[in-house]
Amino acid sequence: MQVTVLGATGRTGIHVVRMLAARGHTVRAGLRSRKRAEVLQGLDVRPVVADVTADPDDLVEAFKNSDVVVNTIGAPDPEPESVNLVDRDGGITAIRAAEKAGVPRFVQLSAQFADSPDQGDRLVRSILFAKQVSDSVLRKSALTWTIVRPGTLTDEPGTGRVKAARHLEPGRIARADVAAVLVGVLAEPLTENRGFDVVSGDFPVAPALAVLD
Ligand SMILES: NC(=O)c1ccc[n+]([C@@H]2O[C@H](COP(=O)([O-])OP(=O)(O)OC[C@H]3O[C@@H](n4cnc5c(N)ncnc54)[C@H](OP(=O)(O)O)[C@@H]3O)[C@@H](O)[C@H]2O)c1
């Protein structure tokens, strides 16, 4: 499968890129800027500049011939202006570019409570509202979509074990485990046109995704 990953230099994105390459996928690693390409050193992936706030035609070009786009981007700071520019408007730009490039599938890294931001932590509410908008555009798009809504992200080592369901109590999850889920959905048709929460849990990723409610 040819997979383009947006936010490949991010703390979750880099796990996604590594896991995809290890599974033999052809990976295009989307960078906001070439300046950070050294993060990909030693990986069998093709770097491609993919800034969601730049010219949308460049994104279309970056996505061409991809079977899937996996969007792991996040705004560099939590101010509403930045979040709206990157997570909301940039997310929408990426969705539209994928449609234009003829990409069949789009996997979005969202956040727990992005589907009900008023119930989420007030400190991250602007992020949740921004993601709610781009998630909703994705659901209504021409793409086969998957929206993964993790709890609070940690940099602890991955356990490979998760809990996934339409809605879960607030929880935490290692970025490496979120990455395993983002990669795992590519092999599980039940995750097509689905959004679900995911937190750390007891089940290996594939069986956890295979029993989604
Ligand atoms: N923190 C949490 O507890 C939590 C919980 C649930 C969900 N999330 C969400 O999970 C996602 C990943 O989080 P993370 O902490 O792993 O992210 P991160 O380490 O902050 O990485 C964000 C990535 O997005 C890229 N990026 C920023 N602006 C961009 C742009 N204009 N165009 C293209 N790429 C751009 C960054 O590129 P550079 O490397 O060049 O800056 C980086 O690769 C985010 O959307 C976040 O909101 C976070």
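These numbers were taken from a predicted model, which means no experiment stands behind them.

**Points about the overall build of the protein chain**
Phase 1 of the analysis: The helix and strand tally for the protein chain stands at six helices and 11 strands.
Phase 2 of the analysis: By the compact-globule yardstick of 17 Å for 213 residues, the protein chain fits well, its C-alpha radius of gyration being 16 Å.
Phase 3 of the analysis: Considered along the principal axes of its C-alpha atoms, the protein chain spans approximately 40 × 35 × 30 Å.
Phase 4 of the analysis: Out of the 213 residues in the protein chain, the part that is buried amounts to 49%.
Phase 5 of the analysis: Of the roughly 10100 Å² that the protein chain leaves accessible, carbon and sulfur atoms contribute 50%.
Phase 6 of the analysis: Treating the 26 positive side-chain charges of the protein chain as one cloud and the 27 negative ones as another, the clouds have centres 1 Å apart.

**Remarks on the UniProt feature "domain: NAD(P)-binding" (unreviewed entry) in the protein chain**
Phase 1 of the analysis: The UniProt feature table records "domain: NAD(P)-binding" (unreviewed entry) at residues 7-189.
Phase 2 of the analysis: Secondary structure content for residues 7-189 is 36% helix and 20% strand, and the end C-alpha separation is 24 Å.

**With respect to the site of the ligand**
Phase 1 of the analysis: Residues in contact with the ligand amount to 25 residues; listed here are only the nearest, T9, T12, R36, I73 and K131.
Phase 2 of the analysis: Within the side chain of D51, an N or O atom sits 2.9 Å from a nitrogen atom of the ligand.
Phase 3 of the analysis: Within the backbone of V52, one N or O atom sits 3.0 Å away from a nitrogen atom of the ligand.
Phase 4 of the analysis: When isolated, the ligand has an accessible area of 930 Å², and the protein chains bury 84% of it.
Phase 5 of the analysis: Taken atom by atom, the bulk of the ligand overlaps the largest pocket.
Phase 6 of the analysis: Among the elements of the structure, helix 3 (80-101) and strand 7 (152-154) are those that each provide at least two residues to the shell around the ligand.
Phase 7 of the analysis: For the shell around the ligand, the residue count by class is eight nonpolar, 10 polar and seven charged.

**As for the packing of helix 3 against helix 4 (residues 125-139)**
Phase 1 of the analysis: Contact pair helix 3 / helix 4: the axes reach a minimum separation of 9 Å and the direction vectors enclose 10°. On the basis of the axis angle, helix 3 is roughly parallel to helix 4. Residues P80, V83, N84, D87, R88, G91, I92, I95 and R96 of helix 3 pack against S126, I127, A130, K131, V133, S134, V137 and L138 of helix 4.
Phase 2 of the analysis: Counted by class, the contact of helix 3 with helix 4 contains nine nonpolar, four polar and four charged residues.

**Considering the side chain of N71**
Phase 1 of the analysis: For N71, the position within the fold is in strand 4 (residues 68-71).
Phase 2 of the analysis: Among the polar contacts listed, one links the side chain of N71 to the backbone nitrogen of I73, at a separation of 3.1 Å.
Phase 3 of the analysis: Other than its neighbours up to four places away in sequence, N71 contacts L6, G91, F106, V107, Q108 and L109.

**So, the nonpolar core**
Phase 1 of the analysis: With 34 residues, the main nonpolar core has V181 and F196 as its most contacted residues.
Phase 2 of the analysis: By size, the runner-up hydrophobic cluster in this structure holds 23 residues, among which are V48, A97, A101 and L143.

**Some remarks on unusual backbone geometry**
Phase 1 of the analysis: Backbone geometry at N65 places phi at a positive 70°, although glycine is not the residue there.
Phase 2 of the analysis: Looking at where N65 falls in the secondary structure, it is placed in the loop between helix 2 (56-63) and strand 4.
Phase 3 of the analysis: Residue N65 is classed as exposed on the basis of its relative accessible area, which comes to 65%.
Phase 4 of the analysis: Of note, the phi angle at F113 is positive, near 80°, even though the residue is not glycine.
Phase 5 of the analysis: In this fold, F113 is placed in the loop between strand 5 (105-109) and helix 4.

**As for empty space enclosed by the protein**
Phase 1 of the analysis: Counted under the stated rule, the structure contains one cavity of 30 Å³ or more.
Phase 2 of the analysis: Of all the secondary-structure elements, those providing two or more residues to the lining of the largest cavity are strand 5 and helix 4.
Phase 3 of the analysis: Looking at which element gives the most residues to the lining of the largest cavity, the answer is helix 4, with three residues.

The rules we used
Residues numbered from 1 in each chain as written. Predicted model: local features only at pLDDT ≥ 70, side-chain atom pairs only at ≥ 80, totals over all residues. Heavy atoms only, no water. Helix = DSSP H or I, 4+ residues; strand = E, 2+ residues; numbered from the N terminus. Rg over C-alpha atoms; globule rule 2.2 N^0.38 Å. Buried < 20%, exposed > 50% of the residue type's maximum accessible area, 1.4 Å probe, protein only. Areas by Shrake-Rupley, 256 points an atom, 1.4 Å probe, with all protein chains shown as cover. Lys, Arg positive; Asp, Glu negative; His and termini not counted. Charge placed at Lys NZ, Arg CZ, Asp CG, Glu CD. UniProt positions renumbered as here; feature names shortened; annotations may be inferred. Near = heavy atom within 4 Å. Polar contact = N/O pair within 3.5 Å; in protein donor to acceptor, adjacent residues only side chain to side chain. 1 Å grid on protein atoms, 1.4 Å probe; cavity = no way out; pocket = protein on both sides within 12 Å on 5 of 7 lines; lining within 4 Å. Sits in = over half its atoms within 2 Å of the grid points. Nonpolar A, V, L, I, M, F, W, Y, C, P; charged D, E, K, R; others polar. Axes fitted to C-alpha atoms, helices over the stretch in contact; angles between N-to-C directions. Parallel < 35°, antiparallel > 145°, perpendicular 65-115°, else oblique. Contact = heavy atoms within 4.5 Å. Core = buried A, V, L, I, M, F, W, Y, C linked by side-chain atoms within 4.5 Å. Points joined across faces, edges and corners; volume = space filled by probe spheres on them.

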